[in-house]
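This is what each chain is made of:
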Amino acid sequence: MAAARGGCGAAAGLGGRLCHVLLKDHNLTTRQPLHQLLQKKPSLPSAAWHRAVRGMFIQTQDTPNPNSLKFIPGREVLESRTMEFSTPAAAYCSPLARQLFRIEGVKSVFFGPDFITITKESEDLDWNLLKPDIYATIMDFFASGLPVVTDEAPRTDTAASEEDDEVVLMIKELLDTRIRPTVQEDGGDVIYKGFEDGIVQLKLQGSCTSCPSSIITLKNGIQNMLQFYIPEVEGVEQVVDDDDDVEKEANST
């Protein structure tokens, strides 16, 4: 994650406003719940499970969501962006995601810059039974030389555009430099969807999607930080895609 000076330099074009606030000393590099981002705590090494597979070293890391596990293959996955595949149909543009969905018990797949987050269908499934197939699938895929995603993959980043006003630019800058890197440490991501009437619309992805503490993350972590730096932000709300709505309705019946 970029240091405070890095965030300050990136925000130089915003009239120094965001630059000034990013000089505050907030430790966001610790793997703690996001709603505790404004609390300074020492960074502690997290427990990890390692496995060497045919010359490929795969590391796994727990996430705040007990149904999601972060797999770190030790090589680039998606450069500097992220992608979520909530259903097998959504994996049309990713040969790797399609292979992972063939494993019984895999509910969703999320790609980060250098990690893969797998979410299982239920707490009843034992990770020790799922891990061998996931390891083998990741290993075989990277040995094949195929692209992780094809050219038809959609973009879901928070890049600035000419239509963005100063407040939106600051929101995107803060998300990219201070919030998203921390969320990605926990195997997830947060995507900017819009800003209207003081409300920032965000989509949670990866391990954050079905995490029991996602509302706390959204309100006590992300919302508090955005409001602290940007007075124009009155609140934050989570938006979901059509597929997410259908799944929630199915689970409620």
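Residues numbered from 1 in each chain as written. Predicted model: local features only at pLDDT ≥ 70, side-chain atom pairs only at ≥ 80, totals over all residues. Heavy atoms only, no water.

**As for the packing of aromatic side chains**
Scanning all chains against the criterion turns up five aromatic pairs. Note on Phe110 and Phe115: the rings are 6.0 Å apart at their centroids and 35 degrees apart in plane angle, and the pair reads as tilted. Residue Phe110 shares its accessibility class with Phe115, and that shared class is buried. Ring centres 5.8 Å apart and planes at 80 degrees place the aromatic pair Phe141 and Phe142 in the edge-to-face group. Of the two residues, Phe141 and Phe142, both sit in the buried class. In this arrangement the basic side chain of Lys70 is found over the ring face of Phe115, its NZ or CZ atom lying 4.5 Å from the centre. (Phe/Tyr/Trp six-rings, centres within 6.5 Å; stacked < 30°, edge-to-face > 60°. Buried < 20%, exposed > 50% of the residue type's maximum accessible area, 1.4 Å probe, protein only. Lys NZ or Arg CZ within 6 Å of the ring centre and 35° of its normal.)

**A look at the packing of helix α5 (residues 166–185) against helix α6 (residues 214–229)**
In the contact formed by α5 and α6, the axes pass within 12 Å of each other and the chain directions differ by 130 degrees. On the basis of their axis angle, the class for α5 and α6 is oblique. Crossing of α5 over α6 shows right-handed handedness. Only Ile222, Met225, Leu226 and Tyr229 of α6 make contact with α5, whose side of the interface consists of Leu174, Arg178 and Ile179. In the contact of α5 with α6, the residues fall into six nonpolar, no polar and one charged. (Axes fitted to C-alpha atoms, helices over the stretch in contact; angles between N-to-C directions. Helix = DSSP H or I, 4+ residues; strand = E, 2+ residues; numbered from the N terminus. Parallel < 35°, antiparallel > 145°, perpendicular 65-115°, else oblique. Left-handed = near helix turned anticlockwise from the far one by under 90°. Contact = heavy atoms within 4.5 Å. Nonpolar A, V, L, I, M, F, W, Y, C, P; charged D, E, K, R; others polar.)

**As for a negative patch on the surface**
A contiguous patch of negative charge on the surface is contributed by Glu196, Asp197, Glu234 and Glu237. Within the element layout of this structure, Asp197 appears in the loop between β7 (188–196) and β8 (199–206). Residue Asp197 is classed as exposed on the basis of its relative accessible area of 66%. (Patch = residues over 30% accessible without salt bridge, like charges linked within 9 Å, V, L, I, M, F, W, Y side chains within 5 Å. Areas by Shrake-Rupley, 256 points an atom, 1.4 Å probe, with all protein chains shown as cover. Salt bridge = Lys/Arg side-chain N within 4 Å of Asp/Glu carboxyl O. Lys, Arg positive; Asp, Glu negative; His and termini not counted. Charge placed at Lys NZ, Arg CZ, Asp CG, Glu CD.)

**Section: the pattern of salt bridges**
This structure, assessed with the given rule, holds four salt bridges. Asp164 serves as the salt-bridge partner of Lys172, at 2.8 Å between the closest nitrogen and oxygen. Comparing Lys172 with Asp164 shows no difference in burial state: the two are buried. Through salt bridges with shared partners, one network takes in Asp176, Arg180 and Asp189.

**Notes on α6**
Counted at 1.5 Å a residue, the expected span for α6 with its 16 residues is 22 Å, and the 21 Å between its end C-alpha atoms agrees. Of all the bends found along α6, the most pronounced is centred on Gln223 and spans about 30 degrees. (Expected span 1.5 Å × (residues − 1). Bend = angle between axes of the 7 residues up to and from the residue.)

**Section: the sheet that holds strand β9 (residues 235–238)**
Read across the sheet, three strands follow the order β7-β8-β9 without closing on themselves; strand pairing throughout is mixed. In this open sheet, the two strands that pair with only one neighbour each are β7 and β9. For this sheet, the mean angle separating the axes of adjacent strands, direction not counted, is 30 degrees. Bridging between β8 and β9 involves four bridges; their strand directions are parallel. Looking at β9, one finds that Gln201 is bridged to Glu237. (Pairing = 2+ DSSP bridges.)

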